[in-house]
Amino acid sequence: MASNFSSVPVLDYALVSDPKRKPEFISQLQHALINVGFLYLTNPPVAQGDVDDLIGYIPRLFALPQQAKHEIRMANSPHFLGYSKLGAELTRGETDHREQFDFATPHTCRWSPGAPDYLRLWGPSQWPEEAALPGFKATFERYLAQVQALGYKFIELLAEAFGLPHDALAQFYDSDALMQHRAKIVKYPVPSDDASSDQGVGPHYDAGFLTFLLQASDHPGLQVQNLSGQWIDAPPVPGTFVVNIGKALEFATQGLARATSHRVLSPPKGSPTPRYSVPFFQNISLDTRLTEHVLQFPAEILQLKEQRGAAAATDSVNFTEFDREPSGRVNLIGRVKSHPDVAAAHYPDLFKQIFPDGLPAQGSAY
Ligand SMILES: O=C(O)CCC(=O)C(=O)O
Ligand SMILES: [Fe+2]
């Protein structure tokens, strides 16, 4: 195996704006995309003041009275946006030990009766009452807009790293107003002394194009699976994002950009504080069928993939339907599996297809 990795590479975004050093960045990016599928980004173009403000809000968000969180529960939302209480989510059929709020960039739902179900996947966020957490919504929206802009820029850099014109992947997006990207604010609580599982979130791949993860406390726990199947730590590094590749981008780049399996372990028993994180998931247009967009890569770039070698078999959640179905449908199926109770309320037909025996015993709290 030519290119196994034992740590996650660190790339400095400041190089991008220095014409002399940008080629260095592009070459490091090419290596990280093809061989690792994860990287740390230092000096990201997101105001540190906004990041710090967001980090300050997170414990207060989770400390809202249970009733205030219940009012914005995900079960209210056909868009799978809102609050999920501890243990409400499944990965590989196992309960994840995390509490979370799903928010998204602004979007007006385009669905109308008779249109495909998957157009309902995007719509407005549910925000806590302004008086309960003054300034939180504005801060988080400011943060999301900056990470969204970074995401589009990063896709251009990725195209360059793969020898394509910088706008080669623009075909996967609609205009800004028609797009929606999603971010979660997550709390991994310290397990109680008698807890049997340390699954914060089980081994999985992300679904979309790129994920930009802010590790918002100093707890390690994120682990990334290398080519031989070992779990490599990706601990928090202040001032950085962890960037990784989703299955849709892997498919769109013919496997050049590697989607890498990862998981999060709960904080150790007895820790004084929980772990917090904010993953931002960059989506592609809901209507895109990936098989209809074949990118033409230079032969010497495609060769780099052959040199990488194959990844060991993994039992992480996979997304096999990508090639045939519109991306919105692939995503909707993923959401139904993760949040069956929300699906039962809003997508009863699809729910019955996927869970013919009804709600699983766990993961049905909201
Ligand atoms: O919380 C983290 O550090 C990572 C979360 C993650 O991988 C996910 O939600 O997809
Ligand atoms: Fe993930």
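Located above this text is the structure these notes cover.
This is a predicted model, so every value here is computed, not measured.

Notes on the overall build of the protein chain
Phase 1: Check the secondary structure of the protein chain and you find 9 helices and 14 strands.
Phase 2: A compact globule built from 366 residues would reach a C-alpha radius of gyration of about 21 Å, and the protein chain, at 20 Å, matches this within 12%.
Phase 3: Seen through its principal axes, the protein chain has C-alpha atoms that stretch 55 × 50 × 40 Å.
Phase 4: Burial status across the protein chain gives 43% buried among its 366 residues.

Some words on helix 7 (residues 327-338)
Phase 1: The terminal C-alpha atoms of helix 7, which comprises 12 residues, lie 17 Å apart, in line with the 16 Å expected from a rise of 1.5 Å per residue.
Phase 2: Most of helix 7 is tucked away, with 9 of its 12 residues classed as buried.
Phase 3: Every buried residue of helix 7 is listed here: Ser327, Gly328, Val330, Asn331, Leu332, Ile333, Gly334, Arg335 and Val336.
Phase 4: Packed against the buried residues of helix 7 are helix 5 (247-252), helix 8 (340-346) and helix 9 (348-354).

So, the sheet that holds strand 6 (residues 99-104)
Phase 1: Pairing in this open sheet of 8 strands is mixed, and the strands run 1-2-12-9-14-7-6-3 from one edge to the other. With partners counted over all chains shown, the strands left at the sheet margins are strand 1 (10-12) and strand 3 (82-84), one partner each. On average, each strand axis in the sheet is inclined to that of its neighbour by 25 degrees, with strand direction left out of account.
Phase 2: Relative to strand 7 (residues 182-188), strand 6 is paired through 6 bridges, and the arrangement is antiparallel. Paired with Phe103 across the two strands is Ala183, which belongs to strand 7.
Phase 3: Most of the contacts of helix 4 (residues 136-161) go to strand 9 (residues 210-215), to which it runs at about 135 degrees, and overall it touches strand 6, strand 7, strand 9 and strand 14 (275-281).

A few points about the site of ligand 1
Phase 1: Taken together, the neighbourhood of ligand 1 is formed by Val186, Val201, Asp206, Leu213, Gln215, Leu222, His262, Val264, Ser277 and Pro279.
Phase 2: Breaking the shell around ligand 1 down by element, the ones donating at least two residues are strand 9, strand 13 (262-265) and strand 14.
Phase 3: Grouping the amino acids of the shell around ligand 1 by side-chain chemistry returns 6 nonpolar, 3 polar and 1 charged.

Description of the nonpolar core
Phase 1: Ranked by size, the top nonpolar core spans 85 residues in total, and within it Leu33, Leu39, Leu158, Leu210, Phe212 and Val242 carry the most contacts.
Phase 2: Among the elements that line this core, the one with the most residues is helix 4, at 10 residues.
Phase 3: The contact partners of Phe212, leaving out residues within four places of it in the chain, are Val147, Leu150, Gly151, Phe241, Val243 and Phe280.

Structural notes on the packing of helix 2 (residues 48-62) against helix 4
When two helices pack together, their arrangement is given by the angle between the helix axes and the distance between those axes.
Phase 1: For the pair helix 2 and helix 4, the least separation of the axes is 10 Å and the interaxial angle reads 130 degrees. Here helix 4 runs oblique to helix 2, going by the angle between their axes. For helix 2 against helix 4, the interelement crossing comes out left-handed. Each of Asp50, Val51, Asp53, Leu54, Tyr57 and Leu61 in helix 2 lies in contact with helix 4, whose residues at this interface are Phe136, Thr139, Phe140, Arg142, Tyr143 and Gln146.
Phase 2: When its residues are assigned to classes, the contact of helix 2 with helix 4 shows 7 nonpolar, 2 polar and 3 charged.

Describing the environment of Leu359
Phase 1: One can find Leu359 in the segment after helix 9.
Phase 2: It is 25 Å that separates the C-alpha atoms of Leu359 and Pro189, two residues lying 170 residues apart in sequence.

Focus on the environment of Leu265
Phase 1: As for its position among the elements, Leu265 is in strand 13.
Phase 2: Residues Leu265 and Phe62, spaced 203 residues apart in sequence, show a C-alpha to C-alpha distance of 19 Å.

Here is what the cut-offs are and how they apply
- Residues numbered from 1 in each chain as written.
- Chains lettered and ligands numbered in written order.
- Predicted model: local features only at pLDDT ≥ 70, side-chain atom pairs only at ≥ 80, totals over all residues.
- Helix = DSSP H or I, 4+ residues; strand = E, 2+ residues; numbered from the N terminus.
- Rg over C-alpha atoms; globule rule 2.2 N^0.38 Å.
- Buried ≥ 20, exposed ≤ 12 C-beta atoms within 10 Å, placed from the backbone.
- Expected span 1.5 Å × (residues − 1).
- Contact = placed C-beta atoms within 7 Å.
- Pairing = 2+ DSSP bridges.
- Axes fitted to C-alpha atoms, helices over the stretch in contact; angles between N-to-C directions.
- Near = placed C-beta within 6 Å.
- Nonpolar A, V, L, I, M, F, W, Y, C, P; charged D, E, K, R; others polar.
- Core = buried A, V, L, I, M, F, W, Y, C linked by C-beta atoms within 7 Å.
- Parallel < 35°, antiparallel > 145°, perpendicular 65-115°, else oblique.
- Left-handed = near helix turned anticlockwise from the far one by under 90°.

So far we have only geometry, and geometry alone does not tell us how the molecule works.
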